[in-house]
Amino acid sequence: MVEVRRFADLDALSRAAADDFIALGKAAIAARGVFHVLLSGGSTPKRLFSLLADRGPTALAWDKVELWWGDERSVAPTDADSNYRMTREALIEPLQLDERRVHRIAGELEPTKAAADYQRALVAALGQPPVSDLALQGMGPDGHTASLFPHSPALDDTTHWVVANPVDSPVAKGKTTRITLTARAINATRAVRFLVAGGDKAPALHAVLEGPRDGKAFPAQLIDNATWLVDEAAASKLGTTR
Ligand code: 6PG
């Protein structure tokens, strides 16, 4: 079941995503005493993270929130491209979250080792399959999500939860290896929220939501039962035939 919620712009989308994040967090903490969330990287979630920080430490029982990532670049945590660094600056430091509950992917390590280490940590905390409470997903203009890029090896992986995925894409700034959860790992999550904004995403969003199923070309199609929070620019081709 796919739900699409449309918003005027990124700010409105992010405000709704912040409300949703807090509601899901409160429900998870009430039910199980903890809220495990898989964060996405890139730029779209920055506004959401800043809004959560602005709401302050009492908006959610942050001492019961465990932060994980759906993917990471093969860079150090201090690198400008690090998903962890973006989150640290926008959310972790402003709320002074306890680093013991922040589980970053060690992008500074050799990618296969980083992926194996992360899979061990995820399974140790969440079991097999690793069931988290919320996965925040972004989507690139090529239809990738996390670091599941079109036609990349990770798309065929049915035995791991976390892999090193060699990609060669202009969207990924050329040839690199990313560390990413596999689609089956993301699909083990209790709730999935895509946050997609910007007109550059409109063709891919149309293809993913309304086009023929082709998970290799549009990996975001591999993620099931998601709620999509999209702005009008990204949604501008929905309901069209082209
Ligand atoms: C990453 C993300 C990736 C991102 C999309 C969209 O590591 O880059 O996890 O999947 O969500 O590329 O990125 P933007 O939000 O910057 O458009």
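To keep things clear, this report deals only with the structure shown in the data block.

Rules of the game
- Once a new chain begins, its residue numbering starts again from 1 and follows that chain's sequence as written.
- Whole-chain, interface and lining totals are the exception, using all residues; otherwise, since this is a predicted model, local features are given only for residues with pLDDT of at least 70 and side-chain atom pairs are given and counted only at 80 or more.
- Side-chain figures throughout are based on the complete set of non-hydrogen atoms in the structure, without hydrogens or water.
- A helix here means a DSSP run of H or I that spans at least four residues, while a strand means a run of E at least two residues long, and both kinds are numbered starting from the N terminus.
- Atoms counted for the radius of gyration: C-alpha only. Globule rule: 2.2 Å times residue count to the power 0.38.
- For the exposure calls, accessible area comes from a 1.4 Å probe over protein chains only, and a residue counts as buried if that area is under 20% of its type's maximum, exposed if over 50%, partly exposed in between.
- The contact criterion used throughout is that any non-hydrogen atoms of two residues lie within 4.5 Å.
- For accessible areas, the Shrake-Rupley method is used with a probe of radius 1.4 Å. Any residue's cover is judged against the shown protein chains and nothing else.
- For the charge count, each Lys or Arg is scored as positive and each Asp or Glu as negative, with His and the chain ends excluded.
- Each charge is placed at NZ for Lys, CZ for Arg, CG for Asp and CD for Glu.
- A side-chain nitrogen of Lys or Arg and a carboxyl oxygen of Asp or Glu constitute a salt bridge if their distance falls within 4 Å.
- In this description, a nonpolar core means a group of buried Ala, Val, Leu, Ile, Met, Phe, Trp, Tyr and Cys residues linked to one another through side-chain atoms lying within 4.5 Å.
- Take the residue count of a helix, subtract one, and multiply by 1.5 Å to get its expected span.
- Nearness is judged by heavy atoms alone; a residue qualifies as near a molecule or strand once a single heavy atom is within 4 Å of it.
- Residues adjacent in sequence count toward polar contacts only when both atoms are side-chain atoms; beyond that, a polar contact is any pair of N or O atoms within 3.5 Å, and within protein one must be able to donate a hydrogen and the other to accept it.
- Polar here means any residue outside two lists: the nonpolar Ala, Val, Leu, Ile, Met, Phe, Trp, Tyr, Cys and Pro, and the charged Asp, Glu, Lys and Arg; Gly therefore counts as polar.

### Re the overall build of the protein
When helices and strands are counted, the protein shows 6 helices and 9 strands. Since a compact globule built from 242 residues should have a radius of gyration of about 18 Å, the 17 Å found for the protein is in line with a globular shape. Based on the C-alpha atoms only, the size of the protein along its principal axes is roughly 50 × 40 × 35 Å. The proportion of buried residues among the 242 residues of the protein is 55%. Considering only residue pairs separated by 6 or more positions, the protein has 75% of its internal contacts joining residues 24 or more positions apart. Element-wise, carbon and sulfur atoms account for 52% of the exposed surface of the protein, whose accessible area totals about 10200 Å². Separation between the mean location of the 28 positive side-chain charges and that of the 30 negative ones in the protein comes to 2 Å.

### A look at the pattern of salt bridges
According to the stated counting rule, one finds 18 salt bridges in the structure shown. Between E93 and R88 there is a salt bridge, with the nearest N and O atoms lying 3.1 Å from each other. Given the relative accessible area of 19%, R88 is considered buried. One salt bridge connects D98 with R101, and the closest N-O pair in it is separated by 4.0 Å. Looking at D98, the relative accessible area reads 22%, which means it is partly exposed. Relative accessible area serves as the criterion here: at 18%, R101 is assigned to the buried category. A network of salt bridges, in which partner residues are shared, links D11, R15 and R47.

### Structural notes on the nonpolar core
With 74 residues, the main nonpolar core has F21, L67 and W228 as its most contacted residues. No other element matches helix α1 (residues 10-32), which puts 9 residues into this core. For L67, the residues in contact, after removing those within four places along its chain, are V37, L39, L91, I92, L97, R101, V102 and H103.

### Points about the environment of M86
The topology assignment puts M86 in helix α3 (residues 83-95). For M86, a relative accessible area of 9% gives the class buried. For the pair M86 and A220, spaced 134 residues apart in the sequence, the C-alpha separation amounts to 22 Å. Setting aside chain neighbours within four positions, we find M86 in contact with S40, G41, G42, P45, K46 and F49.

### Re α1
For α1, which comprises 23 residues, the first-to-last C-alpha distance of 32 Å matches the rise-based estimate of 33 Å (1.5 Å per residue) to within 8%. The set of residues buried in α1 consists of A12, L13, S14, A16, A17, A18, D20, F21, I22, G25, A28 and I29. Once α1 finishes, G33 follows within two positions and takes phi at roughly 80°, a positive value.

### A word on the site of the ligand
With respect to spatial proximity, 15 residues lie near the ligand, and among them T44, D71, R73, A146 and K201 are the closest. For the ligand, an oxygen atom lies 2.9 Å from a polar atom in the side chain of N83. Protein burial of the ligand: of its 410 Å² of free accessible surface, 89% is covered by the chains. When the residues that make up the shell around the ligand are grouped by side-chain class, the tally is 2 nonpolar, 9 polar and 4 charged.

Function cannot be inferred from these measures alone, as they are strictly geometric.
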